[in-house]
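What follows is each chain in one-letter form.
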Number of protein chains: 2
Amino acid sequence: MPARVGIREVAAVAAVAQGTVSHFLNHPDRVSEEKRERIQRAIDQLGFVRNDAASQLRRGTSDTIAYIAPDVSNPFFATIAEGVEQQAAANGLSVFLANSNRSREREDAYLEMFQAHRVLGMLVASHDPIEDRLLHIRRRGTPTVLVGQRALGSDQPSVSVDDVTGGYLAVQHLIAQAGRRIAFVGGPLGIQQIGDRLEGAGRAVREAGDATMEVINVDNRTIAEGRLVAAAIASRPPANRPDAIFAANDLLALGIMHGLVVDHGIRIPADMLLVGYDDIEFGAASIIPLTSIRTPHEGFGIAAVDLLTAEIANSDAGRKKNIVLQPELVVRASTRG
Amino acid sequence: MPARVGIREVAAVAAVAQGTVSHFLNHPDRVSEEKRERIQRAIDQLGFVRNDAASQLRRGTSDTIAYIAPDVSNPFFATIAEGVEQQAAANGLSVFLANSNRSREREDAYLEMFQAHRVLGMLVASHDPIEDRLLHIRRRGTPTVLVGQRALGSDQPSVSVDDVTGGYLAVQHLIAQAGRRIAFVGGPLGIQQIGDRLEGAGRAVREAGDATMEVINVDNRTIAEGRLVAAAIASRPPANRPDAIFAANDLLALGIMHGLVVDHGIRIPADMLLVGYDDIEFGAASIIPLTSIRTPHEGFGIAAVDLLTAEIANSDAGRKKNIVLQPELVVRASTRG
DNA sequence: ATCAATTCTTGAAACGTGTCAATGACTTTT
DNA sequence: AAAAGTCATTGACACGTTTCAAGAATTGAT
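Residues numbered from 1 in each chain as written. Chains lettered and ligands numbered in written order. Predicted model: local features only at pLDDT ≥ 70, side-chain atom pairs only at ≥ 80, totals over all residues. Heavy atoms only, no water.

Student: Would you explain the protein's contact with DNA strand D in this entry?
Tutor: In the vicinity of DNA strand D lie 29 residues, with Arg4(A), Ile7(A), Arg58(A), Thr20(B) and Ser32(B) positioned nearest. Within 4 Å of the protein, the contacting atoms of DNA strand D are 64% sugar and phosphate, with bases supplying the remainder. For DNA strand D, a base oxygen lies 3.0 Å from a polar atom in the side chain of Gln18(A). Ser32(B) has a polar side-chain atom sitting 2.7 Å from a phosphate oxygen of DNA strand D. Ranked by residue count, the leading element in the surface near DNA strand D is helix 2 (residues 18-26) of chain A, at five residues. Looking at side-chain class alone, the surface near DNA strand D contains seven nonpolar, 14 polar and eight charged residues. (Near = heavy atom within 4 Å. Polar contact = N/O pair within 3.5 Å; in protein donor to acceptor, adjacent residues only side chain to side chain. Helix = DSSP H or I, 4+ residues; strand = E, 2+ residues; numbered from the N terminus. Nonpolar A, V, L, I, M, F, W, Y, C, P; charged D, E, K, R; others polar.)

In structure tokens, the structure reads:
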């Protein structure tokens, strides 16, 4: 167990002043070649590692941003995380990734924690309405960007997808493929993204005139929950079943697909059309390749970081704070007779 | 822009001493009801958030551990991350998740960064040999647990899977299903996990006597790379193709499956048997449900955190430091004629 | 050789918190 | 009623770094 070694110990070994060691760490150009070598040797010898807490305390700031995601095991968020990571690295920032596990408590804990950490800014993806909490945080001086949800307040920067259009595209396509009894599977409907997708879906149904839509509400948008929905649908008399399903995300869609096809022998797309949302990589490789609504994944993370860095730099002037990305339909076998 | 507000400002507003506010934050039971209320009011009014840097500096430690993963978008690591998160939360710890994006540079940067942060300990999953670097870090006082790779040094705690057995199970099964010309798809072979799987596979081949195995080396174990392999295999004359494939992970397997089946009309399992590794959730929902080698995902993260906390507590006495989990074969349609 | 300008080096002060020994206010015991 | 405890509160100090003003050393120009 080595004794604590700080800048002072290094200075002593290298026979220079403590201030010089600090310069070596932060402005190496201001230190002469000779002392640089001595200091480097001392650092190696002692195994010195700068104490970030002290450094931050003195500087009053860090070079770190945070990204809070509700569910890292959803490839949608994982892909965004990679974009965030890359763009942040390009800007010389480090990223703390936090997984709130869809728990509001853990989300709050992380929000609090990152504030205490004095991160430069936070990217927050959430399933809950969270804008008021973010407002408090911004008021206290930490910039935030809402990810995946369009901000209502015009001061809150956000990167989101036009989910109304996404829902519209999905159901319009189902109807074009001869679906008439549409089922929307998703929830909780209180979540903005989900509500928007439903709204777009509803619009497509109304436009068609001769189609109907039922809503199957679920609490979690996971593969497991999709399987349950499949079982529920399969247990109905065939005449009562929908003939086309729009699932609020790809995980749900994959679960439904697997349940219907494997467990209950319902054929896709022959007996049932199916569209998902997000276009995660696994959708293309599923039992029946999944038609989905594609949103620009990498661009998502990049745009979010750009927005945040602008916010940090405080270049407020007339900047557009709410980026809304347009989704597109990707047709695959699950809706192609 | 609110003036910086610290414990001192809170104390002034609440008309108590600064030390009392500190007690309020850390030992509320030592503060009288009356002052507790006053202080809480002052905190709310001023929007005070404790400065973690100062707190850590004074305490000399944090309540945070780090988990460095090579690739969050691989569900295998994402699932482990969830287990880590949960078990850490149960122990009152927070987790900083970092994504090294398979880049050794970023990995080193994060290792350095978390040391500087004085985290309590680090969980590290890597594709590279990393034990010597972890040794340095441990020497400097930060406990580490190697995740996914068995440690060679007996002092380095690790949680891993018996990959030799895993590879053996996979190929033994392929041979039992009448595969004779086996192809192992994976790489770089220098990676311990991959090398072990290959070794187990080779053992199964030798035992069978009448089977052969070729090795198709790849650099990345991703869906995209799997597609390339599929194209390469499909371009051979049929007599030259393997009749059974063991892919070093599920992502590769899914890419291969998709490439063979969708792009080149090769049937699985009729023309080609296919086994993956890791048993990620999407494997069961793929075009042809994927036979795979299952490793206990949640248990992985939990075991890693337990090992780390033991290490942190320094309860060294005769504890087993290298946990090796046993994999099992999960048979699905991709190998079931 | 001298002076000015430049480059290096120095040590003290400050960042915001937790801790600790000391003090004061009460309560209980004798 | 005095002594001995208990509990709340206080304010100074230390944690390890960065910064800053000032001093020392070096360089270049005259």
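Student: How should I be thinking about the side chain of Asp243(B) in this particular structure?
Tutor: Residue and element names in this part refer to chain B. Looking at the secondary structure, you find Asp 243 in the loop between helix 10 (223-234) and strand 8 (244-247). Summary of buried charges: Asp 243 has no salt-bridge partner, and the nearest side chain of opposite charge, Arg 181, is 4.1 Å away. For Asp 243, the side chain forms a polar contact with the main-chain nitrogen of Arg 181, separated by 2.9 Å. (Buried < 20%, exposed > 50% of the residue type's maximum accessible area, 1.4 Å probe, protein only. Lys, Arg positive; Asp, Glu negative; His and termini not counted. Salt bridge = Lys/Arg side-chain N within 4 Å of Asp/Glu carboxyl O.)

Student: Where do I start with the packing of helix 2 of chain A against helix 3 (residues 33-46) of chain A in this structure?
Tutor: The packing of two helices is summarised by the inter-axis angle and the distance between the axes. Residue and element names in this part refer to chain A. Relative orientation of the contacting elements helix 2 and helix 3 amounts to 90 degrees, with a least axis distance of 10 Å. As summarised for this structure, helix 2 and helix 3 are arranged roughly perpendicular, according to the angle between their axes. Contacts from Thr 20, Val 21, Phe 24 and Leu 25 of helix 2 reach helix 3 at Arg 36, Ile 39, Gln 40 and Ile 43. Tallied by class, the residues present in the contact of helix 2 with helix 3 amount to five nonpolar, two polar and one charged. (Axes fitted to C-alpha atoms, helices over the stretch in contact; angles between N-to-C directions. Parallel < 35°, antiparallel > 145°, perpendicular 65-115°, else oblique. Contact = heavy atoms within 4.5 Å.)

Student: What is the right way to read the protein's contact with DNA strand C from this model?
Tutor: Around DNA strand C there are 28 residues in total, and Thr20(A), Arg4(B), Ile7(B), Gln18(B) and Arg58(B) lie nearest to it. Take the atoms of DNA strand C that sit within 4 Å of the protein: sugar and phosphate atoms are 66% of them. Interatomic distance of 3.2 Å between a side-chain N/O atom of Arg58(A) and a base nitrogen of DNA strand C. Counting residues per element, the ones that place at least two in the surface near DNA strand C are helix 2 and helix 4 (52-59) of chain A together with helix 1 (7-14), helix 2 (18-26) and helix 4 (52-59) of chain B. The residue inventory of the surface near DNA strand C, partitioned by class, reads seven nonpolar, 12 polar and nine charged.

Student: Would you take a moment to explain the pairing of strand 4 (residues 144-147) of chain A for this structure?
Tutor: Here is the key point about a regular strand: its side chains alternate between the two faces of the sheet. Residues and elements named next belong to chain A. Residues Thr 144 and Leu 146 of strand 4 are buried on one face, and the alternating residues Val 145 and Val 147, pointing to the opposite face, are buried as well. When strand 4 meets strand 5 (residues 158-161), the two strands line up parallel, connected through two bridges. Paired with Leu 146 across the bridge in strand 5 is Ser 158. (Pairing = 2+ DSSP bridges.)

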